[in-house]
Amino acid sequence: MERIIRTALELGFAYAPVALSLFLSYRILDIADLTTDGCFVLGAAVSVRMAAAGHPVLGMLLAIPAGALCGLVSAELQTRFGIPSILAGIITNTGLYSINLMVMGWRSNINLIREDSIFSLFRKMIPGNYSDLVLLAAIPVMIALFLSYFMHTRLGLSIRATGDNPVMVRASSIDTSSMIRTGLMLSGIMTAVSGAAVGQFQKTTDINSGTGVVVIGLACLIMGETVLGRRSVRKGIAGAFLGSVIYRFIYAFVFYTQLVPVQCLKLLTAFIVAVSIAVPHVREQRIQPRPAQKEEEGNDA
Amino acid sequence: MLEIINISKTFLPGTVNERKALDNVSFRMESGEFITIIGSNGAGKSTLLSAIAGAFPTDSGKVILDGEDISSMPEYKRSRSIGRLFQDPLSGTAPGLTIEENMALVYLQGKKTGNFFSRIGKEEREMFRERLRPLDLGLEDRLEQPVGLLSGGQRQALTLLLATLYPPKLLMLDEHTAALDPGSAERIMTLTKDIVRENRISCLMVTHNMRQALDAGSRTLIMNAGKIVADISGDERAGMDVGKLTDLFRNAAGSEYANDRMILSS
């Protein structure tokens, strides 16, 4: 039991930066950026390849510029070349498939066998069952702390306002294109770092390991919002973090109880995301006839 | 101070919907001047303001602000010296950000010192309260609330404050009170006049309201079919009332006539 909880927490923390990344791109900038899947694999590929070559720490660090580059390409396609954001993400993603294969040395997977990872190095410093968990938690915690500080800085406020009212932002002599660029680069960095951590943690990376990561990330984001609400930026950040952990607990629950075949979990995830995004919209459309109904009820009473 | 030289703009050129919105418009505006602009729908008033703000490239002509040719400067750079308010009271503020964050955004952006990572502190928060107090809307006690919760009039007042937090060289008002209820409209207009006078901001105001066009400012332009057809100031304007202006408007606009809204709202 303890092992199940630990595993759920580990995966929750490992994937939490993806939910935080989507919080920034989808919630703050209001852009459905689908670069996530490919960007996640790129982070993992860079990190595992470097670890296999004996540089696990450098691998983690290199995931940062790799992720930034993904975000930059997607942002440039949108702002400079007028490609709709969803298509820009898909285009970037498609191109990344070849890039990822190239990074992995034209193989579809790489494994770490005897080579050190940041986790094995950390275990030497702090031994014990919870060593991995501590390191895995440290990454999203640092990112979340940075984000909640950053969102109130001049740059952070400008990025938030860009997603909220771009007309106002331009009127305040801020270039919205460069805000989208900055936001998507930050978002790419978070996704790639998550991929890098997951890759070294699982000692393997596969060209298809990113499939569905964006939808799972959105599910985490929405679950967190359902629990904590969407009022403030800090709550949003905490929600993304929490949602990521909740998702992995649900995953573990399904996995061990076999309530739903594990193979069907992606279908379940897709369902959760579709329903949770649809509900507010459907509710909004139903608002019109309601007051009349209420009045009738009032009269009856 | 502001010089507009032969500006032209045709929308959708070469199509059946081709429309000449600005036709060789030229005028000069002195520093500190307050000009009101009237004209029927489609006369080119808003297009003129958009051309000055740089919302789209003009086909020909120059915009010169304080001796600097800004014709090819992008909109976001021009907005450093040009403030603008629109008819839609929701357009000038970010609804998801709090009052304080909206003010912080504009304040930090315009501040000479500081960098991308600067934040506001206690002092600035107090300064925001001081600036909000004269609006007399109680906003100084609601700094933490999202702007989306405010009424149209409150948001337009906040927009006016944001646009003049650092007094711009030129303030352009595009029917900025037209979408508000009469009470709020009057309050915003009074605020506008006070702020413009105190900071000696040059101001261009488009209005549909003949009364407003005469009450505010010291000079009135009448536009029709993309041209400035009358330029009234000095004694001529001093002796003018709404009736005379309406007559003048009818004559200046040729066979065109003032639309109902202009006559009714005068």
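Keep in mind that this is a model prediction, so the values were computed, not measured. (Residues numbered from 1 in each chain as written. Chains lettered and ligands numbered in written order. Predicted model: local features only at pLDDT ≥ 70, side-chain atom pairs only at ≥ 80, totals over all residues.)

A short note on the overall build of chain A
Applicable threshold: Every helix listed is a DSSP run of H or I at least four residues long, and every strand listed is a run of E at least two residues long, numbered separately from the N terminus. Note that the radius of gyration is over C-alpha atoms, with the globule rule given as 2.2 Å times the number of residues to the power 0.38. Here the C-beta atoms are placed from the backbone, and a residue counts as buried if at least 20 other C-beta atoms lie within 10 Å of its own, exposed if 12 or fewer do, and partly exposed otherwise.
From N to C terminus, chain A includes 13 helices and two strands. For 301 residues, the compact-globule estimate of 2.2 N^0.38 gives 19 Å, and chain A sits close to it at 21 Å. Considered along the principal axes of its C-alpha atoms, chain A spans approximately 75 × 50 × 35 Å. Taking all 301 residues of chain A together, 50% fall into the buried category.

Focus: the confidence of the model for chain B
Residues and elements named next belong to chain B. Which entries qualify depends on this criterion: The predictor rates its confidence in each residue with pLDDT, a number between 0 and 100.
When pLDDT is averaged along chain B, the result is 89, and 95% of the positions lie at 70 or above. Mean pLDDT in chain B bottoms out at helix α10 (residues 260–264), which sits at 54, and peaks at strand β8 (residues 202–206), which reaches 95. Scored by ipTM, the complex comes to 0.84, with pTM at 0.86.

So, the interface of chain B and chain A
Spelled out, the test is: Any two residues are considered in contact once their C-beta atoms, placed from the backbone, lie within 7 Å. All amino acids are sorted into three groups, where Ala, Val, Leu, Ile, Met, Phe, Trp, Tyr, Cys and Pro are nonpolar, Asp, Glu, Lys and Arg are charged, and the leftover types, Gly among them, are polar.
Each partner contributes to the interface: chain B provides 24 residues, whereas chain A provides 18 residues. Going through the elements one at a time, α2 (75–78) and α3 (99–110) of chain B are the ones with two or more residues in the side of chain B that touches chain A. Counting residues per element, the side of chain B that touches chain A draws most heavily on α3(B), which supplies six residues. Residue composition of the side of chain B that touches chain A, by class: 10 nonpolar, eight polar and six charged.

Observations concerning the sheet that holds strand β10 (residues 227–233) of chain B
All names here are of chain B. As a reminder, the rule being used: By definition, two strands form a pair when at least two bridges between them are found by DSSP. Throughout, an axis means a line fitted to C-alpha atoms (over the contacting stretch in the case of helices), and angles, computed between N-to-C directions, take values from 0 to 180 degrees.
Across the sheet, which stays open at both edges, the six strands sit in the order β6-β7-β8-β3-β9-β10 with mixed pairing between neighbours. Edge strands, defined here as strands with exactly one partner in the open sheet, are β6 (82–85) and β10. Sheet twist, expressed as the average angle between the axes of neighbouring strands with direction ignored, equals 20°. Sheet topology places strand β7 (residues 170–174) next to β8; five bridges connect them, and they run parallel. Looking at β8, one finds that leucine 170 is bridged to serine 202. Those strands touched by helix α1 (residues 45–53) are β3 (34–39), β6, β7, β8 and β9 (219–224), and its axis lies near 150° from that of β7.

Some words on the sheet that holds strand β1 (residues 2–11) of chain B
All names here are of chain B. Read across the sheet, four strands follow the order β2-β1-β4-β5 without closing on themselves; strand pairing throughout is antiparallel. Both outer strands of the open sheet, β2 (19–29) and β5 (68–69), are each paired with one neighbouring strand and no more. Here β1 pairs with strand β4 (residues 60–65) via five bridges, running antiparallel. Pairing of isoleucine 5 across the sheet is with lysine 62, part of β4. Relative to the sheet, α1 contacts β1, β2 and β4, its axis offset from that of β2 by approximately 65°.

A short note on the domain arrangement of chain B
All names here are of chain B. Defined as follows: The start and end points of each domain follow an automatic or database-based domain assignment.
Split by domain assignment, chain B resolves into domain 1 (2–81 + 168–264) and domain 2 (95–167). Put simply, the middle of domain 1 and the middle of domain 2, counted by C-alpha atoms, are 27 Å apart. Contact residues are listed per partner, giving 14 residues for domain 1 and nine residues for domain 2. Of all the elements, helix α6 (residues 182–199) adds the most residues to the side of domain 1 that touches domain 2, at seven residues. For the side of domain 1 that touches domain 2, the residue count by class is eight nonpolar, four polar and two charged.

What about the pairing of β3(B)?
Residue and element names in this part refer to chain B. β3 sits mainly inside the fold: six of its six residues count as buried. A two-sided burial pattern is seen for β3, the buried positions comprising Phe34, Thr36 and Ile38 on one face and Ile35, Ile37 and Gly39 on the other. With five bridges joining them, β3 and β9 adopt parallel strand pairing. Its bridge partner being in β9, isoleucine 37 is matched across the sheet by leucine 221.

Structural notes on the nonpolar core
Just so we agree on the cut-off: Structurally, a nonpolar core is described as a collection of buried Ala, Val, Leu, Ile, Met, Phe, Trp, Tyr and Cys residues joined by way of C-beta atoms within 7 Å.
Counting 154 residues, the largest nonpolar core has A:Ala19, A:Leu20, A:Phe23, A:Leu42, A:Ala192 and B:Met172 as its most contacted members. Sequence-distant contacts of A:Ala19, that is, excluding residues within four places in its chain, are made with A:Gly217, A:Cys220, A:Leu221, A:Gly224, A:Ala240, A:Gly243 and A:Ser244.

Focus: the domain arrangement of chain A
All names here are of chain A. Looking at chain A, the domain boundaries give domain 1 (2–259) and domain 2 (266–301). The C-alpha centroid of domain 2 is placed 32 Å from the C-alpha centroid of domain 1. The partner domain 2 presents six residues to the six residues of domain 1 that form the contact. The residue inventory of the side of domain 1 that touches domain 2, partitioned by class, reads five nonpolar, one polar and no charged.

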